[in-house]
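# Close look at the chain arrangement
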Amino acid sequence: MQQARILIVDDEKSITQMIEMVLKKEGFRHIYKAYSAREALELLNRQEMDIILLDVMLPDQSGFELCPKVRDISRAHIIFFDSENVGFGRFDRVCHRWRRLCHQAV
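Residues numbered from 1 in each chain as written. Predicted model: local features only at pLDDT ≥ 70, side-chain atom pairs only at ≥ 80, totals over all residues. Heavy atoms only, no water.

### Some details on the packing of aromatic side chains
For the structure shown, the criterion picks out one aromatic pair. Ring geometry for F64 against F80: centres 4.8 Å apart, planes inclined by 35°, an arrangement best described as tilted. Residue F64 is found in helix α3 (residues 63-73), and its partner F80 is found in strand β4 (residues 77-81); the two are separated by 16 residues along the sequence. Here F64 falls in the exposed class, since its relative accessible area comes to 53%. Over the ring of Y35 we find K13; its NZ or CZ atom is 5.0 Å from the centre of that ring. (Phe/Tyr/Trp six-rings, centres within 6.5 Å; stacked < 30°, edge-to-face > 60°. Helix = DSSP H or I, 4+ residues; strand = E, 2+ residues; numbered from the N terminus. Buried < 20%, exposed > 50% of the residue type's maximum accessible area, 1.4 Å probe, protein only. Lys NZ or Arg CZ within 6 Å of the ring centre and 35° of its normal.)

Written out as structure tokens, the structure reads:
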């Protein structure tokens, strides 16, 4: 079982659910979700994360605008994504590449 704490930040619930499903399949159990930049910052102020999967397009600001604010309060690895690179097969392959990073993050 993977111990990394992973935060998924995306306003599309179907995408966060799909990413969560893939991560759970890979053995990750400490998965948190935020659906806006504001929610992400609130969560990061309460809970330390190891990895943040950050959508570039959020309803209240872009992931690129959010990144420096996250960096002020967290040393977590940040991985950007957008809807173009998220799909069941494609994200599953990307997740395999992240496995080494996830192991190193704990």
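### Regarding helix α1 (residues 13-25)
In an α-helix, one turn spans 3.6 residues; hence positions three or four apart end up facing the same way. With 13 residues, α1 extends 18 Å between its outermost C-alpha atoms, agreeing within 8% with the 18 Å of an ideal straight helix rising 1.5 Å per residue. Along α1, the residues classified as buried are I15, T16, M18, I19, E20, V22 and L23. Just beyond α1, the residue with positive phi is G27, at close to 100°. (Expected span 1.5 Å × (residues − 1).)

### Concerning the environment of I15
Mapped onto the elements of the fold, I15 is located in helix α1. On the accessibility criterion, I15 (11% relative accessible area) is buried. Sequence separation between I15 and D82 is 67 residues; the distance between their C-alpha atoms is 10.0 Å.

### Regarding the side chain of T16
With respect to the helices and strands, T16 occurs in helix α1. For T16, a relative accessible area of 0% translates into the label buried. In this structure T16 touches I8, D10, K33 and Y35, once residues within four positions along its chain are discounted. (Contact = heavy atoms within 4.5 Å.)

### Some words on the pattern of salt bridges
Scanning the entire structure with this criterion turns up five salt bridges. R38 is paired through a salt bridge with E42; the nearest N and O atoms lie 3.0 Å apart. Taken together, the positions of R38 and E42, both in helix α2 (residues 37-46) and four residues apart, correspond to about one turn of that helix. On the basis of relative accessibility, which here comes to 48%, the residue R38 falls in the partly exposed class. Salt bridges sharing common partners tie together R5, E48 and D50. (Salt bridge = Lys/Arg side-chain N within 4 Å of Asp/Glu carboxyl O.)

### Comments concerning the nonpolar core
Judged by nonpolar contacts, the single largest core of 16 residues is most densely connected at L7, V9, M49, I52, L54, L66 and V70. With near-sequence residues (within four places) excluded, I52 lies in contact with L7, V9, L44, V70, S74, A76, H77, I78 and I79. Residues I8, I31, I51 and F81 belong to the second largest nonpolar core, which totals 12 residues. (Core = buried A, V, L, I, M, F, W, Y, C linked by side-chain atoms within 4.5 Å.)

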